[in-house]
Amino acid sequence: MKKNSSRNESGRKSRSTLLRGDRLFPGERVQQRLILFLSALLLTVIIIPKSGFVADSYSPGDISSRDIKAPKDLLIPDLPLTEKKRLEAEEAVLPLYDYDAGSAREIGDRLVEALASMQAEAARENDPVDLPGDKENVPPAAPGDQALEKSQASYADERIYQDLRKAVTASLHDKIVGNLQLFEADRQSGILIRNLASQKEEQQNDLTSVIGPGEVQERFRKEIAKIEGLSESNQEQMAALFQKMLRPNLTFNKNETEARKRKAKEEVKPVLFQVKKGEMIVREGERISEEQIRKIRAMRETGSDYSALKMGVGLFLSIILLVFAGHRYANVNVSKYRLKNSDMVFLVVSFVGLIILIKVAIFISTALESAFPYIDSSTYFYAFPFAVGAMLVRIVLNSETALIFILVSSFLFGLLFGDNLFISLYALVGSLVGAQWVRHCKERTTLYQAGLWISLANMALILGIHLIAGRAFDLQLFYKMAFGFAGGIICAIIVTGTIPLAEFFFGYTTDIKLLELANLNSPLLRELMIRAPGTYHHSIIVGNLAEAGAEAINANPLLARVAAYYHDIGKIRKPLYFIENLGGQDNRHDKLAPSMSALILMSHVKDGTEMARENRLGEPLIEIIHQHHGTSLIKFFYDKAKNKEDTGVQQVDERDYRYPGPRPQTREAALIMLADAVEAASRTLTDPTPARIKGMVQKITNNFFTDGQLDECELTLKDLHKIARSFHSILTGIFHHRVDYPEPAFKEREKEPSKKKKIENLYREPPKEIQGKETRPAKGGAEDLKRLGMS
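Here is a short report on the structure shown in this document. Position numbers for residues count from 1 along each chain, tracking the sequence in the order it is written. pLDDT decides what is reported in this predicted model: residues at 70 or higher carry local features, side-chain atom pairs at 80 or more are listed and counted, and totals for whole chains, interfaces and linings draw on all residues regardless. With hydrogens and water set aside, each side-chain value is computed from the structure's full complement of heavy atoms.

**Notes on the overall build of the chain**
Logical step 1: The secondary structure listing takes helices from DSSP runs of H or I that are at least 4 residues long and strands from runs of E that are at least 2 residues long, numbered from the N terminus. When its secondary structure is counted, the chain shows 31 helices and eight strands.
Logical step 2: The rule is simple: take the accessible area with a 1.4 Å probe, protein chains only, and divide by the maximum for that residue type; under 20% is buried, over 50% is exposed, in between is partly exposed. A burial count over the chain gives 44% of its 791 residues as buried.
Logical step 3: Put simply, 80% of the contacts in the chain that link residues at least 6 apart link residues at least 24 apart.
Logical step 4: Roughly 42,300 Å² of accessible area belongs to the chain as shown, and the carbon and sulfur atoms make up 57% of that amount. Contacts are assigned to residue pairs that have any heavy atoms within 4.5 Å of one another. Methods summary: accessible areas were calculated by the Shrake-Rupley approach with a probe of 1.4 Å, and residue burial reflects only the protein chains presented.

Next up, the structure:
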């Protein structure tokens, strides 16, 4: 009795220790704190982009959803005014024209050379040339005097050449441009003329003297018409040569002009206007103007260049306090918040992956904003999959951990979107709805049902936020609700793809994986059916009992049923040492000492745990296999050893006949323990009437309770009543009575039932003893039943 009481006290103490959160070793606590610290640092780096927090995106005429103040003194560039001044500076640069004053002399020389060549060609052909000029004015030559004739011809040619040069100079005296029509635009504003000979520049506004090539040709015709002695044919020849040789002496220097305009534009400094620290940029509910949008954008662009380190440190402190406070509160006050290091890593990966996913969505929405300008940029936010993390954590871990995850992630989303309360509320509601509807997710379609509920919740919340903002029912509201509906479906699609990854990389056992393990054709269950058929059928009945009990107390029925299928797989290694598998053979325990028999029975727990790990059944099933007998007493062999006890040798130690434990830590593990014992004991009832079944269930439940086996799980007395009623209902259906048929075969089977009963009751409590206790219960047992409220 003292031993039992000490065990009960130690069990209660360990349970209270679990509730206080002191269940981790110092090394594990340090590791978890390090994981939280690193996660906060990583989230800080991810949340802060180059330009600080993501600012709200507005268009002219939008209503501000919050007050926006200048966080510091800012000199904000006025881009439109700066651009205007740069254009003015660019337009102030005059076009540059290059003037070549030596072009007239060059053209005159070339015309003279051409004329001389023509005369020389004519002389070689002995074709007298009709020299231009007035021969009457030439002094008469003496007949036969050849030298005098040549002198007179040379004199006439030289005069013609000089007159021709004068005509060219007179024609090219003014400035000439190639296209007079294009020059008209510059004529009005003035130009800058650079003399190529002296490289001096001079601005000229009076450009009336600038002429085109056509006017120059007319001048030249008039000038050569004044030269005496030139025939019309000679004039035409000179005019044609002049037209070919004519080039503008005033040319536009495009490259130099554009270079000067670029330089003038670059020299204009940005126009800045000052915004003082704390100055209200825009108030909540106020219509936003173009100037306010420029200030908001400037704040976003210049925010990272000033005090970015301070912003990062502040955000890191906020995140680390939020994460540590939430973890500590749940660790102390929430009993199901029992995270191992692998669970912490999974949560960190979920947090970081979710934030990165939202950041990618922000990038995509920014790109879509330019492609679809008629949709507000903030409208795309409602399609973001905020609830993915909560759904995944709820499926993999539990609802309590998912709630902490939801609260922390919602605040982080608010920070990510520039302290946006509506985004935090939107993410919070969607995550709560998603986590609720994936509870006990047994089919893939459940995820899409949850996504549909998220979509409906998103649409309702969008309508509420729209009404709170006081906006009219416009087309943007339709876009927002459409994106909100799509957001729920996107969450379902992403979670469907990430669950197998979580199962593979972190070794989790979700309800979907449990459904796969529940297949009775799985290799392990088929081996159990072939090698230990009695244990196999016993496990099936235990599964029915455990599932009914789990439904009664709102536990996980699927986990309870699958765990019941595999709880005795350790018996595969020594099937013939367990009475349900003998099949009429001799009982091998008859030749073994009670202590050895007890060790063989205990070994099936260890063997089952090892086989579960080898077959990757998952940690929940491994723990239930390890705990499904707790530290209960193997009473049959203990009593057998006590009866053989010799007073002259060492006394029988009860601890040698108890399972090594640990006791059940979860409600599902306790259900397997109760269902396993109840199903085995039900086989010993000689007349399984409903009253006897009820008494047997109550007695076994009371024995486990008084032995302290249920002290470390969360079952209450109310739960035990519900479990007992569900077990009674199932067993009554199994041991139902039928009408006695008059066939002889039935009567022959009825004559010899004793042999089978004798084999079945070898290591359990003898039928006589059970009958005695059922018909005349001891006083202490009756008091225990009354204490449990089961009498």
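**Re the nonpolar core**
Logical step 1: By nonpolar core we mean a set of buried residues, namely Ala, Val, Leu, Ile, Met, Phe, Trp, Tyr and Cys, connected to one another through side-chain atoms within 4.5 Å. Counting 66 residues, the largest nonpolar core has Phe-346, Phe-386 and Phe-417 as the members making the most contacts within it.
Logical step 2: Mapped by element, the contributors of at least two residues to this core are α2 (26-47), α11 (308-333), α12 (341-371), α13 (388-396), α14 (399-416), α15 (421-437), α16 (444-468) and α17 (475-506).
Logical step 3: When residues of this core are assigned to their parent elements, the largest contribution, eleven residues, is made by α12.
Logical step 4: Core analysis: the second largest hydrophobic core is formed by 57 residues, Ala-518, Ile-693, Met-696 and Ile-723 among them.

**Here's the deal with the side chain of Ser-522**
Logical step 1: Along the chain, the position of Ser-522 falls in the loop between α18 (511-517) and α19 (523-531).
Logical step 2: N or O atoms closer than or at 3.5 Å make up a polar contact, with two conditions inside protein: a donor-capable atom paired with an acceptor-capable one, and, for residues adjacent in sequence, both atoms drawn from side chains. Among the polar contacts listed, one links the side chain of Ser-522 to the side chain of Tyr-566, at a separation of 3.2 Å.
Logical step 3: Sequence-distant contacts of Ser-522, defined by excluding residues within four places in its chain, comprise Leu-517 and Tyr-566.

**Things to note about α19**
Logical step 1: When we look at burial in α19, the residues that qualify are Leu-524, Leu-525 and Leu-528. All buried residues of α19 fall inside an arc of 95° around its axis, so they share one side. Of the residues in α19, the exposed ones pointing more than 90 degrees away from the buried face are Pro-523 and Ile-530. As used here, the arc is the angular range of directions from the helix axis to the C-beta atoms.

**What about the pairing of strand β7 (residues 272-275)?**
Logical step 1: The side-chain alternation of β7 yields one buried face, formed by Phe-273 and Val-275, and one unburied face, formed by Leu-272 and Gln-274.
Logical step 2: A pair of strands is treated as paired once DSSP finds two or more bridges between them. Here strand β2 (residues 74-77) pairs with β7 via four bridges, running antiparallel. If you follow Pro-77 over to β7, its bridge partner there is Leu-272.

**Re the side chain of Lys-571**
Logical step 1: Residue placement: Lys-571 occurs in the loop between α21 (557-566) and α22 (594-614).
Logical step 2: Exposure remark for Lys-571: the relative accessible area of 7% places this residue in the buried category.
Logical step 3: Excluding residues within four positions of it along the chain, Lys-571 makes contact with Thr-535, Phe-578, Glu-580 and His-604.

**Some words on the pairing of strand β3 (residues 96-99)**
If a strand is regular, its side chains alternate between the two faces of the sheet.
Logical step 1: Because side chains alternate across β3, one face comprises the buried residues Leu-96 and Asp-98, and the other comprises Tyr-97 and Tyr-99, equally buried.
Logical step 2: Where β3 lies against strand β4 (residues 191-195), four bridges are found, and the strand directions are parallel. Counted as the bridge partner of Tyr-99 is Asn-195 from β4.
Logical step 3: Here three bridges tie β3 to strand β6 (residues 250-252), and the two strands are oriented antiparallel to one another. Paired with Asp-98 across the strands is Thr-251, a residue of β6.

**Thoughts on the packing of α21 against helix α23 (residues 619-627)**
Logical step 1: Packing of α21 against α23 brings their axes to within 10 Å, and their N-to-C directions diverge by 60°. The angle between α21 and α23 places the two elements in the oblique class. For the crossing formed where α21 meets α23, the hand is right-handed. Listed contacts from α23 to Leu-559, Val-562, Ala-563 and Tyr-566 of α21 are Pro-620, Leu-621, Ile-624 and Ile-625.
Logical step 2: Basically, the charged four are Asp, Glu, Lys and Arg, the nonpolar ten are Ala, Val, Leu, Ile, Met, Phe, Trp, Tyr, Cys and Pro, and anything else, Gly included, counts as polar. When grouped by side-chain class, the residues that make up the contact of α21 with α23 number eight nonpolar, no polar and no charged. Under this scheme, a helix contributes an axis fitted over its contacting stretch, all axes are lines through C-alpha atoms, and angles between N-to-C directions fall in the 0 to 180 degree range. Here the angle decides the label: under 35 degrees means roughly parallel, over 145 means roughly antiparallel, 65 to 115 means roughly perpendicular, and every other value means oblique. The sense of a crossing depends on the near helix, which, turned anticlockwise from the far helix by less than a right angle, makes the crossing left-handed and, turned clockwise, makes it right-handed.

**So, α15**
Logical step 1: Under the convention used throughout, the expected extent of a helix is 1.5 Å for every residue step, that is, one less than its residue count. Its 17 residues place the ends of α15 25 Å apart at the C-alpha level, agreeing with the 24 Å of an ideal helix rising 1.5 Å per residue.
Logical step 2: The set of residues buried in α15 consists of Ile-423, Ser-424, Tyr-426, Ala-427, Gly-430, Ser-431, Val-433, Gly-434 and Ala-435.
Logical step 3: Among the structural elements, α13, α14, α16 and α17 are those in contact with the buried residues of α15.
Logical step 4: Two or three places before Phe-422, at the opening of α15, Asn-420 has a side-chain oxygen 3.0 Å from that residue's backbone nitrogen.

**Some words on unusual backbone geometry**
Residues apart from glycine generally show negative phi values, whereas peptide bonds are mostly found in trans.
Logical step 1: The peptide bond linking Gly-661 to Pro-662 adopts the cis configuration, its omega dihedral lying at 5°.
Logical step 2: Here Pro-662 is to be found in the loop between α24 (635-643) and α25 (667-682).
Logical step 3: Although it is not a glycine, Asn-554 adopts a positive phi angle of roughly 65°.
Logical step 4: Tracing the sequence through the fold places Asn-554 in the loop between α20 (533-553) and α21.
Logical step 5: The residue Arg-616 is not glycine, and still its phi comes out positive at about 50°.
Logical step 6: Tracing the chain through its elements places Arg-616 in the loop between α22 and α23.
Logical step 7: The exposed category is assigned to Arg-616, whose relative accessible area is 56%.

**Digging into the sheet that holds β6**
Within a sheet, adjacent strands bond to each other through the backbone by hydrogen bonds, running parallel or antiparallel.
Logical step 1: Strand order in the open sheet formed by four strands is β5-β4-β3-β6, and the pairing between neighbours is mixed. Of all the strands in the sheet, the pair left with one neighbour each is β5 (201-204) and β6. Going across the sheet, the axis of each strand differs from the next one's by a mean of 30°, ignoring polarity.
Logical step 2: In the packing of helix α9 (residues 254-266) onto the sheet, contacts are made with β3, β4, β5 and β6, and the angle to β3 comes to roughly 145°.

**Details of the pattern of salt bridges**
Charged atoms that come close allow side chains of opposite charge to pair.
Logical step 1: What makes a salt bridge here is a side-chain nitrogen of Lys or Arg within 4 Å of a carboxyl oxygen of Asp or Glu, nothing more. Counted by the stated rule, this structure contains 18 salt bridges.
Logical step 2: In this structure, the salt-bridge partner of Asp-607 is Lys-574, at a minimum N-O distance of 3.8 Å. On the criterion of sequence distance, the pair formed by Asp-607 in helix α22 and Lys-574 in the loop between α21 and α22 is long-range, its members being 33 residues apart.
Logical step 3: Bridged by salt links that share partners, the residues Arg-573, Lys-574, Asp-607, Glu-610 and Glu-614 form one connected network.

**So, the packing of aromatic side chains**
Logical step 1: Stacked, tilted and edge-to-face are the three classes applied to pairs of Phe, Tyr and Trp rings, where Trp contributes its six-membered ring and a pair requires centres within 6.5 Å; stacked means planes under 30 degrees apart, edge-to-face means over 60, and tilted covers the rest. Here the structure, examined in full by the defined rule, presents 22 aromatic pairs.
Logical step 2: Between Phe-37 and Phe-316, the ring centres sit 5.4 Å apart and the planes meet at 85°, which makes this aromatic pair edge-to-face. With Phe-37 in helix α2 and Phe-316 in helix α11, this residue pair connects regions lying 279 residues apart in the sequence.
Logical step 3: You can call Phe-37 partly exposed: its relative accessible area is 35%.
Logical step 4: A connected cluster of aromatic rings, assembled from ring pairs, spans Phe-381, Tyr-382, Phe-384, Phe-386, Phe-413, Phe-417 and Tyr-426.
Logical step 5: Whether a charge sits over a ring depends on NZ of Lys or CZ of Arg being within 6 Å of the ring centre and within 35 degrees of the ring normal. Over the aromatic face of Tyr-577 sits the side chain of Arg-588, whose NZ or CZ is 5.5 Å from the ring centroid.

**Remarks on the packing of helix α26 (residues 690-706) against helix α27 (residues 717-734)**
Logical step 1: Relative orientation of the contacting elements α26 and α27 amounts to 145°, with a least axis distance of 9 Å. Two packed elements cross with a definite hand, and for α26 against α27 that hand is right-handed. Contact residues: α26 offers Pro-690, Ile-693, Lys-694, Met-696, Val-697, Thr-701 and Phe-705, while α27 offers Leu-717, Leu-720, Ala-724, Phe-727, His-728, Leu-731 and Thr-732.
Logical step 2: Of the residues belonging to the contact of α26 with α27, the class tally is ten nonpolar, three polar and one charged.

**Details of the environment of Ile-319**
Logical step 1: With respect to the helices, strands and loops of the structure, Ile-319 is situated in helix α11.
Logical step 2: Separated by 279 residues in sequence, Ile-319 and Ala-40 have C-alpha atoms that sit 5.8 Å apart.
Logical step 3: The residues touching Ile-319, leaving out its near neighbours within four places in the chain, are Ala-40, Leu-43, Thr-44, Ile-47 and Leu-412.

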